[in-house]
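Structural characterization, general
Below, each chain spelled out in residue letters.
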Amino acid sequence: MRGGLWQLGQSITRRLAQADKKTIGRRCFASEADLKKTVLYDFHVVNGGKMVPFAGWSMPIQYKDSIMDSTINCRENGSLFDVSHMCGLSLKGKDTIPFLEQLVIADVAALAPGTGTLTVFTNEKGGAIDDSVVTKVTNDHIYLVVNAGCRDKDLAHIEEHMKFFKSKGGDVSWHIHDERSLLALQGPLAAPVLQYLTKDNLSQMYFGEFRILDINGAPCFLTRTGYTGEDGFEISVPSENAVDLAKAILEKSEGKVRLTGLGARDSLRLEAGLCLYGNDMEQHITPVEAGLTWAIGKRRRGEGGFLGAEVILKQIEEGPKIRRVGFISSGPPPRSHSEIQNSNGQSIGEITSGGFSPCLKKNIAMGYVKSGNHKAGTNVKIVIRGKSYDGAVTKMPFVPTKYYKP
Amino acid sequence: MALRMWASSTANALKVSSTVSRTNFSPAFSISRCFSTVLEGLKYASSHEWVKPEGSMATVGITDHAQDHLGEVVFVDLPEAGTSVSHGSSFGAVESVKATSDINSPISGEIVEVNTKLTETPGLVNSSPYEDGWMIKVKPSNPSELESLMGAKEYTKLCDEEEVH
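Here the structure is a predicted model, which is why all the values come from computation and not from measurement. Per chain, the residues get numbers from 1 upward, laid out in the order the sequence is written. Whichever chain is written first becomes A and whichever ligand is written first becomes 1, with later ones labelled in order. It should be noted that, the model being predicted, local features are given only for residues of pLDDT at least 70 and side-chain atom pairs only at 80 or more, the latter also being counted only at that level, while totals for whole chains, interfaces and linings use all residues. Based on all heavy atoms of the structure, the side-chain values leave hydrogens and waters out of the count.

Here we look at helix 3 (residues 67-76) of chain A
Counting buried positions along helix 3 of chain A yields seven of ten residues, so the element is predominantly enclosed. Burial in helix 3 of chain A covers these residues: A:Ile67, A:Met68, A:Ser70, A:Thr71, A:Asn73, A:Cys74 and A:Arg75. The buried label applies to any residue whose accessible area, calculated with a 1.4 Å probe on protein chains only, is under 20% of its type's maximum; exposed applies above 50%, and partly exposed to all values in between. Put simply, DSSP marks the helices as runs of H or I at least four residues long and the strands as runs of E at least two long, and each gets a number from the N terminus on.

See below:
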């Protein structure tokens with residue numbers, strides 16, 4: 001009988017705590033006092049943020065607006081999120097690209113400077129350690145952002161491989177951007193509002209592109225990306241300028257861009273069909289099973305050369321045994337771990353995320369089913385509290401994405 | 001169990017979590033808390049359900065305070081008439097955009113009627129928690145259980161404590 005974002009945050013934290021127990025004995029379940037705070041913490045509280053523990057941080061789950069209203073407002077006007085709990089990282093050195101390509105599935109070499117892509121860090125078995133947006137700033141500088149809940153294990157993983165790489169004479173080093181904060185500005189008003197605060201022409205900057213520029217008088221890393229399916233930006237700003245920038249964005253939007261918490265962020269990403277690491281993607285799930293084969297660069301499919309490549313390339317060839325798909329269903333909203341059955345009542349998989357879509361006003365969910373049951377339109381039953389309800393496999397995104405593309 | 005789960009965890013999570021916030025924010029919460037209605041004449045469970053005894057029947061629902069914390073209710077999962085419920089155990093669930101919460105019965109007995117309007121219009125739980133948003137009518141098998149429940153004054157105090165905590 002559990003569900004919802006709070007439990008989700010807890011279960012991720014707990015799962016990570018268990019996973020890391022062997023290597024990091026000191027990690028324990030965080031009490032409120034141990035929670036980390038972003039530099040915007042007081043700003044959230046003053047603005048009515050309801051703070052909850054999330055991946056070791058105290059973060060706003062919502063403000064005064066309901067999750068329903070916040071979700072809809074993001075798509076109609078805009079949302080400002082504090083995502084400073086996520087970990088920004090720069091890798092530098094002339095061998096940065098070959099180094100990173102050992103760990104991720106993306107064709108990093110082929111990225112044009114100033115562009116980025118979604119990628120996955122894999123383990124030896126081809127499972128996902130984390131998903132991440134990687135940006136090639138220059139040929140010897142990569143900027144990436146990893147999940148808060150995965151920070152420790154990601155950094156340990158990168159560090160271990162970096163030590164070995166350097167011992168063989170490779171030139172790569174890292175800088176963790178703990179001096180910076182991260183804001184996500186999403187929705188149709190994101191670009192017009194941000195344009196008030198910078199001289200750079202944002203109409204020339206497309207989805208996936210990256211720039212270092214002045215915003216509201218502070219040197220920022222700007223990526224045209226997000227986690228809502230809307231057009232928008234993630235802004236890495238020096239922490240001492242973060243509160244001023246948040247205030248300026250809200251003010252320039254004349255109150256239309258609203259502070260938005262993790263609750264609506266979860267609804268938005270689910271409507272956009274995007275994975276939440278820890279729910280929809282885990283250590284034992286490969287990028288192919290997760291429907292992210294598109295993120296494996298063409299050259300990389302030929303050459304491999306990343307952890308777990310043998311498993312992953314074989315799956316591409318033979319097809320994965322399970323696949324992540326979307327569902328629309330009747331009855332109560334499915335939540336993670338709800339069983340999925342075929343029309344004969346046989347178990348074919350499990351829901352990994354689900355909820356009521358504020359924009360579509362119906363239940364949406366994603367989960368994994370055995371291949372063969374994955375075609376859009378396939379009727380399924382979803383079991384919730386012992387009762388089975390009708391559902392159908394549905395193409396994702398549930399709500400059309402509005403990325404700014406040329 | 002789960003409205004309690006909600007009370008002890010999700011709602012805990014919804015609470016402002018540091019001394020900084022507490023000093024800044026408890027006045028605003030007190031004000032909003034005062035607008036959360038607690039009706040005289042009803043009995044309340046610590047897991048945020050109410051019971052209204054009417055002759056040989058009793059009506060059960062969730063409180064204004066509960067619906068306010070859950071946010072928009074999108075689905076109400078209720079049992080069928082004729083089934084029995086027991087004091088303190090779950091008989092259904094409320095789904096909000098935020099989370100799933102079980103609903104506990106404050107009294108034992110047989111369900112004689114279920115509010116079928118909630119199937120089509122679950123939002124009645126938000127707009128009218130004590131009237132149109134009622135959930136089940138029960139024929140109590142052990143009316144003395146009512147005495148173990150809270151009155152309006154006691155329940156208001158519980159809500160206040162939960163907010164400040």
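Observations regarding the packing of helix 3 of chain A against helix 8 (residues 262-271) of chain A
All names here are of chain A. Here the axes come from fitting lines to C-alpha atoms, over the contacting stretch only for helices, and the angles between their N-to-C directions go from 0 to 180 degrees. Direction vectors running N to C along helix 3 and helix 8 enclose 55°, while the axes themselves pass 8 Å from each other. It follows that helix 3 is oblique to helix 8 by the angle criterion. Remark: the crossing between helix 3 and helix 8 carries right-handed chirality. Between helix 3 and helix 8, the contacting residues are Ile67, Ser70, Thr71, Cys74 and Arg75 on the first element and Gly263, Ala264, Ser267, Leu268 and Glu271 on the second. Following the grouping adopted for this structure description, the nonpolar residues are Ala, Val, Leu, Ile, Met, Phe, Trp, Tyr, Cys and Pro, the charged ones are Asp, Glu, Lys and Arg, and the polar ones are all others, Gly among them. Its residues assigned to classes, the contact of helix 3 with helix 8 shows four nonpolar, four polar and two charged. Geometric relationships in this document are graded by angle, where less than 35 degrees denotes roughly parallel, more than 145 denotes roughly antiparallel, 65 to 115 denotes roughly perpendicular, and other angles denote oblique. Working rule for handedness: look at the near helix, and if it is turned counterclockwise from the far one by less than a right angle, call the crossing left-handed; if clockwise, right-handed. It only takes one pair of heavy atoms within 4.5 Å for two residues to be counted as in contact.

Regarding the sheet that holds strand 7 (residues 100-104) of chain B
Within a sheet, adjacent strands bond to each other through the backbone by hydrogen bonds, running parallel or antiparallel. All names here are of chain B. With respect to topology, three strands assemble into an open sheet ordered 4-6-7, the strand pairing being antiparallel. Only two strands of the sheet have a single partner each, and these edge strands are strand 4 (73-77) and strand 7. Neighbour to neighbour, the strand axes of the sheet diverge by 25° on average, direction disregarded. Bridge analysis of strand 6 (residues 90-96) against strand 7 gives five bridges, and the strand direction is antiparallel. Counted as the bridge partner of serine 90 is asparagine 104 from strand 7. Pairing between strands is defined by DSSP: at least two bridges between the two strands are required.

Details of the packing of aromatic side chains
Aromatic ring pairs are reported here in terms of the distance separating the ring centres and the angle at which the planes meet. A pair of aromatic rings is counted whenever rings of Phe, Tyr or Trp (Trp by its six-membered ring) have centres within 6.5 Å, and the orientation is called stacked for planes under 30 degrees apart, edge-to-face for over 60 and tilted otherwise. Under the defined criterion, the tally for this structure stands at nine aromatic pairs over all chains. Note on A:Phe210 and A:Phe221: the rings are 6.0 Å apart at their centroids and 55° apart in plane angle, and the pair reads as tilted. In this pair, A:Phe210 sits in strand 10 (residues 210-215) while A:Phe221 sits in strand 11 (residues 218-223), placing the two residues eleven residues apart along the sequence. Here A:Tyr389 and B:Phe75 contribute two aromatic rings whose centre-to-centre distance is 6.5 Å and whose plane-to-plane angle is 85°, an arrangement assigned as edge-to-face. Taken as a pair, A:Tyr389 in strand 19 (residues 387-394) and B:Phe75 in strand 4 lie in two separate chains rather than in one. An aromatic cluster of three or more residues is present, and its members are A:Tyr143, A:Phe210 and A:Phe221. Comment: the charge-over-ring label is applied if NZ (Lys) or CZ (Arg) is within 6 Å of the ring centre and within 35 degrees of the ring normal. Lying across the ring of A:Tyr41, A:Lys37 places its NZ or CZ 4.6 Å from the centre. Here A:Arg180 stacks its cationic end above the ring of A:Phe221, 3.9 Å away from the centre of that ring.

Digging into the nonpolar core
Put simply, a nonpolar core is a bunch of buried Ala, Val, Leu, Ile, Met, Phe, Trp, Tyr and Cys residues held in one set by side-chain atoms that sit within 4.5 Å of each other. A:Leu80, A:Ile215, A:Leu222, A:Phe233, A:Ile235 and A:Ile249 are the most contacted members of the largest nonpolar core, which totals 29 residues. Within the residue set of this core, elements represented by two or more residues are strand 9 (180-186), helix 6 (190-195), strand 10, strand 11, strand 12 (232-238), helix 7 (242-252) and strand 13 (257-259) of chain A. Among the elements that make up this core, the one with the highest residue count is helix 7 of chain A (six residues). Apart from residues no more than four positions distant in its own chain, A:Leu222 is found in contact with A:Leu194, A:Leu202, A:Met205, A:Glu209, A:Phe210, A:Arg211, A:Leu213, A:Ile215, A:Phe233, A:Glu234 and A:Ile235. Core analysis: the second largest hydrophobic core is formed by 25 residues, B:Ala58, B:Ile62, B:Ile107 and B:Leu118 among them.

Details of the environment of A:Pro219
Residues and elements named next belong to chain A. Inspection of the secondary structure puts proline 219 in strand 11. The class of proline 219 is partly exposed, set by a relative accessible area of 41%. Apart from the residues lying within four places of it in its own chain, the contact partners of proline 219 are Arg180, Leu213, Asp214, Ser236 and Pro238.

Side note on unusual backbone geometry
All names here are of chain A. Put simply, methionine 396 and proline 397 share a cis peptide bond, and its omega is 0°. Looking at where proline 397 falls in the secondary structure, it is placed in the segment after strand 19. Phi is positive for alanine 55, close to 50°, though the residue is something other than glycine. Positive phi, close to 55°, is recorded for glutamate 254, a residue that is not glycine. Take glutamate 254: it is sitting in the loop between helix 7 and strand 13.

Some remarks on the pattern of salt bridges
Basic side-chain nitrogens of Lys or Arg form a salt bridge, by our definition, when they fall within 4 Å of a carboxyl oxygen of Asp or Glu. A complete count under the given rule lists 18 salt bridges over all chains for this structure. Between A:Asp65 and A:Arg258 there is a salt bridge whose closest N-O contact spans 2.8 Å. Residue A:Asp65 is located in the loop between strand 2 (57-62) and helix 3, and its partner A:Arg258 is located in strand 13; the two are separated by 193 residues in the primary sequence. For A:Arg258, a relative accessible area of 36% puts it in the partly exposed group. A salt bridge links A:Asp178 to A:Arg151, with the nearest nitrogen and oxygen atoms 2.9 Å apart. In this pair, A:Asp178 sits in the loop between strand 8 (173-176) and strand 9 while A:Arg151 sits in helix 5 (residues 151-167), placing the two residues 27 residues apart along the sequence. Since its relative accessible area comes to 52%, A:Asp178 is described here as exposed. With a relative accessible area of 15%, A:Arg151 lands in the buried category. Each of the salt bridges in this network shares a partner with another, and the network as a whole consists of A:Arg335, A:Arg385, A:Lys387, B:Asp77 and B:Glu95.

Regarding helix 5 of chain A
An α-helix turns once every 3.6 residues. As a result, residues three or four positions apart point the same way. By definition here, a helix of n residues has an expected span of 1.5 Å times n minus one. Between its terminal C-alpha atoms helix 5 of chain A stretches 24 Å, which fits the 24 Å expected from 17 residues at 1.5 Å a residue. Positive backbone phi, approximately 95°, marks A:Gly169, located one or two places after helix 5 of chain A.

Re the UniProt feature "modified residue: N6-lipoyllysine" (unreviewed entry) in chain B
The feature "modified residue: N6-lipoyllysine" (unreviewed entry), as given by UniProt, occupies B:Lys98 in the numbering adopted here. Within the fold, B:Lys98 resides in the loop between strand 6 and strand 7. In this structure the side chain of B:Lys98 is engaged in a polar contact, spanning 2.9 Å, whose partner is the side chain of A:Gln62. UniProt positions are given in the numbering used here, feature names are shortened, and annotations may be inferred rather than shown by experiment. For the purposes of these results, a polar contact is taken to be a pair of N or O atoms within 3.5 Å, where, inside protein, one atom must be able to donate a hydrogen and its partner to accept one; residues adjacent in sequence count only when each atom of the pair is a side-chain atom.

Quick word on the pairing of strand 7 (residues 141-146) of chain A
Residues in a regular strand point their side chains to alternate faces of the sheet. Residues and elements named next belong to chain A. Most of strand 7 sits out of view: six of its six residues are buried. Every second residue of strand 7 is oriented toward a common face, with His141, Tyr143 and Val145 on one face and Ile142, Leu144 and Val146 on the other, all of them buried. Bridge count between strand 6 (residues 128-138) and strand 7: six bridges; the pairing is antiparallel. Each residue of the ladder has a partner; that of threonine 135, found in strand 7, is tyrosine 143.

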